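Geometric and topological summary
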Amino acid sequence: MKLSALYWHRITPLHFVLWPLSVLYRFFLAGKKLCYWLDIFPSIKLPVPVIIVDSISMDDGGKTPLLLWLVDLLLAHGFHPGIVTQGSSDNAGPPAAVTSTNNGKAFLLAQLWGKSCPVWMGNDRIAAAQALLTAYPECNIIISNDGLQYHRLERDIEVIAIDFNEQSFGNGMLLPAGPLRSVLKDLEKSSILVANNLQNHYIDPNQQNKIYNMKLVNETAYLVLDPQQRKTIADFGNASIRIVTDADNVHWLYELMQKTGLNAELHSHPENHRFKTEDIHFTDADIVLMPEENALQCKGFAHGKLWAIPQKAWVNSELQSVLLRKLRGNPAL
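Structural notes on unusual backbone geometry
The linkage connecting Leu-175 with the following residue, Pro-176, adopts the cis geometry, with an omega of 0°. With respect to the helices and strands, Pro-176 occurs in the loop between helix H6 (166-169) and strand S7 (192-196). The phi torsion at Asp-146 lies on the positive side, around 85°, for a residue other than glycine. Note that Asp-146 resides in the loop between strand S5 (141-145) and strand S6 (157-163). For Asn-272, which is not glycine, the phi dihedral falls at a positive 60°. Considering the arrangement of structural elements, one finds Asn-272 in the loop between strand S12 (264-269) and strand S13 (287-291).

Rendered as structure tokens:
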């Protein structure tokens, strides 16, 4: 476990020092938002509607499966979305389309849809969005992957994923004392909140935002070399199994092993690890399982034992109606 996670998910003497910094962080965020609202800091309005999809915590919190669900919804209803994301330290640079040289979640997004939903990244999200719109003029919706506190980009819809499990919500404190980047009461009244593990958490009845339920499903896998071949995790039975992942996916995979009783050996690599042939080569294994985003990075050297586990979101059907109504009422469309 990372040192930050070790402290974010506990209350220790260190928090007597970190808690005042969390209070300052909250005031900083409020002041920054106010400056944009007062036009002290200029913001940019794109010519198409912008949807921000983010998590309330440093952990993904189900944000990526939620974004996948959103894109599928938009494509099914005739929209032409594009995704922008900020480049990491490994992918820093000017706006560019995500390619096989990228890794992580941005690569997963690009692999799943290709040109039907282009994915661009760059240090400046606005420049990336403008470059995407120039390259794909038919694109009529921009989805920003992250950007909860990026108020320079004006947003039409804000969708925030909240996962109330211990790993994601932690000790319930703001950075740097906890993993939260915002508290519920500080979110905009218009923000759409989508929660996982909601039944295990108390919600203030005076909460101003309606919270929609989401369930993450990861009980099936497909063969990377032949995606039409699919099995449930339970179908692997007593096979000799190795699970290979990066640090971002360790926790839900461990929970999956516990829930399904899967007899497997778990191999974890650092965050943003670039997988190589030797990472998935086990002579004594019948099956090698990987999270979809990691498995697709290995597609070029995959073997017949490699299976990918996609993580899908099942979302309250009411949310679908809310989003479509907001978009169809937007004068930019």
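Notes on the packing of aromatic side chains
The final tally for this structure, using the stated rule, is 3 aromatic pairs. Seen in terms of ring centroids, Phe-164 and Phe-169 are 5.0 Å apart; in terms of plane orientation they differ by 55°. Their pairing is tilted. Consider the rings of Phe-236 and Trp-307, whose centres lie 5.3 Å apart with planes at 80°: the pair is edge-to-face. Of this pair, Phe-236 sits in the loop between strand S10 (226-232) and strand S11 (241-246) while Trp-307 sits in strand S14 (residues 306-309), and the two are 71 residues apart along the sequence. For the pair formed by Phe-236 and Trp-307, the shared burial category is buried. Above the face of the Tyr-150 ring, Arg-125 is positioned so that its terminal group lies 4.9 Å from the ring centre.

Let's talk about the sheet that holds S7
Backbone-to-backbone hydrogen bonds join strands into a sheet, with any given pair of strands oriented parallel or antiparallel. Pairing is mixed across the open sheet formed by 9 strands, whose spatial order is S3-S4-S2-S5-S1-S6-S7-S8-S15. Strands at the two margins of the open sheet, each flanked by one partner only, are strand S3 (96-97) and strand S15 (312-315). Strand direction decides the pairing type here: S7 and strand S8 (residues 211-217), joined by 3 bridges, are parallel. Bridging across to S8, Ala-195 finds its partner in Asn-213.

Overview of the confidence of the model for the chain
Of the residues in the chain, 91% have a pLDDT of 70 or more, and the chain-wide mean is 88. The weakest mean pLDDT in the chain belongs to helix H1 (residues 3-8) at 66; the strongest belongs to S14 at 97.

Considerations on the sheet that holds S14
Reading across the sheet, the 6 strands line up as S10-S9-S14-S13-S11-S12 and stay open at both edges, with mixed pairing between neighbours. This sheet does not close on itself; its edge strands, each paired only once, are S10 and S12. For this sheet, the mean inter-axis angle between neighbouring strands, taken without regard to orientation, is 30°. Contacting S11, S12, S13 and S14, helix H7 (residues 250-260) runs over the sheet at an angle of about 155° to S11.

What counts and what doesn't
Residues numbered from 1 in each chain as written. Predicted model: local features only at pLDDT ≥ 70, side-chain atom pairs only at ≥ 80, totals over all residues. Heavy atoms only, no water. Helix = DSSP H or I, 4+ residues; strand = E, 2+ residues; numbered from the N terminus. Phe/Tyr/Trp six-rings, centres within 6.5 Å; stacked < 30°, edge-to-face > 60°. Buried < 20%, exposed > 50% of the residue type's maximum accessible area, 1.4 Å probe, protein only. Lys NZ or Arg CZ within 6 Å of the ring centre and 35° of its normal. Pairing = 2+ DSSP bridges. pLDDT = per-residue confidence, 0-100. Axes fitted to C-alpha atoms, helices over the stretch in contact; angles between N-to-C directions. Contact = heavy atoms within 4.5 Å.

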